[in-house]
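One letter stands for each residue in the lines below.
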Amino acid sequence: MVAIVKRRTVKLPVWADRLGAGGAFICALHCAMIPIALALLPTLGLGLVAWHGLEVAFSIFATVLAVTSLYLGYRGHRAYHAWLLVAPGLLLIWGSLLYPPLHASVVPHAVAMTVGGVLIALAHLVNLRLSWGHSH
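### Description of unusual backbone geometry
Link 1 in the chain: Despite not being glycine, Arg 78 shows a phi value in the positive range, around 55°.
Link 2 in the chain: Checked against the element boundaries, Arg 78 lands in the loop between helix H2 (51–77) and helix H3 (81–98).

Written out as structure tokens, the structure is:
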């Protein structure tokens, strides 16, 4: 007699994509505010303490959450649409952090990080819809 073993599927909870989308939108807003902060904070006597470290840490967190969430979602729905958004978003974010001429340019850096964050957020929303949405 042969025993049939049901394969266990691992799925992230619905809040994981919501957290990713919300975090990516907050990141995009933060990145859009960088040029304003660079001009305003020194006049207030405040420095930009550890902003680069915060950027790198948040980028690592966003990358791990996005790739894990989209991979597990893909295993369930088999649609690649979210990957078409997250790939250029991650490339923009990591390119603006690791490519020195882009990282040193305030406005282009802010634009690249903002667009990258929005693309990652949209990828989470697409994955959320594909994973938990109703199909008719």
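Having seen the model, we can carry on.
### Observations regarding the packing of aromatic side chains
Link 1 in the chain: With the rule as written, the count across this model stands at one aromatic pair.
Link 2 in the chain: Taking 6.3 Å as the distance between ring centres and 50° as the angle between the ring planes, the aromatic pair formed by Phe 58 and Phe 61 counts as tilted. Taken together, the residues Phe 58 and Phe 61, both in helix H2 and three residues apart, mark about one turn of the helix.

### Focus on empty space enclosed by the protein
Link 1 in the chain: One pass over the full model with this rule turns up two cavities of 30 Å³ or more.
Link 2 in the chain: Put simply, the second largest cavity is a space of about 40 Å³.
Link 3 in the chain: As for the second largest cavity, its lining consists of Leu 19, Gly 20, Gly 23, Ala 24, Phe 58, Phe 61, Ala 62 and Leu 65.
Link 4 in the chain: Those elements giving two or more residues to the lining of the second largest cavity turn out to be helix H1 (14–40) and H2.
Link 5 in the chain: In terms of residue class, the lining of the second largest cavity is made up of six nonpolar, two polar and no charged.

### Some words on the confidence of the model for the chain
Link 1 in the chain: Of the residues in the chain, 78% have a pLDDT of 70 or more, and the chain-wide mean is 81.
Link 2 in the chain: Taken element by element, the predicted model of the chain shows its lowest mean pLDDT in H1 (75) and its highest in H3 (95).

### Observations regarding the packing of H3 against helix H5 (residues 106–132)
Link 1 in the chain: Running from N to C, H3 and H5 point in directions that differ by 155°, and their axes come no closer than 7 Å. For the element pair H3 / H5, the angle class is roughly antiparallel. Two packed elements cross with a definite hand, and for H3 against H5 that hand is left-handed.
Link 2 in the chain: Counted by class, the contact of H3 with H5 contains 17 nonpolar, seven polar and no charged residues.

Reading the values: rules and limits
- Residues numbered from 1 in each chain as written.
- Predicted model: local features only at pLDDT ≥ 70, side-chain atom pairs only at ≥ 80, totals over all residues.
- Heavy atoms only, no water.
- Helix = DSSP H or I, 4+ residues; strand = E, 2+ residues; numbered from the N terminus.
- Phe/Tyr/Trp six-rings, centres within 6.5 Å; stacked < 30°, edge-to-face > 60°.
- 1 Å grid on protein atoms, 1.4 Å probe; cavity = no way out; pocket = protein on both sides within 12 Å on 5 of 7 lines; lining within 4 Å.
- Points joined across faces, edges and corners; volume = space filled by probe spheres on them.
- Nonpolar A, V, L, I, M, F, W, Y, C, P; charged D, E, K, R; others polar.
- pLDDT = per-residue confidence, 0-100.
- Axes fitted to C-alpha atoms, helices over the stretch in contact; angles between N-to-C directions.
- Parallel < 35°, antiparallel > 145°, perpendicular 65-115°, else oblique.
- Left-handed = near helix turned anticlockwise from the far one by under 90°.

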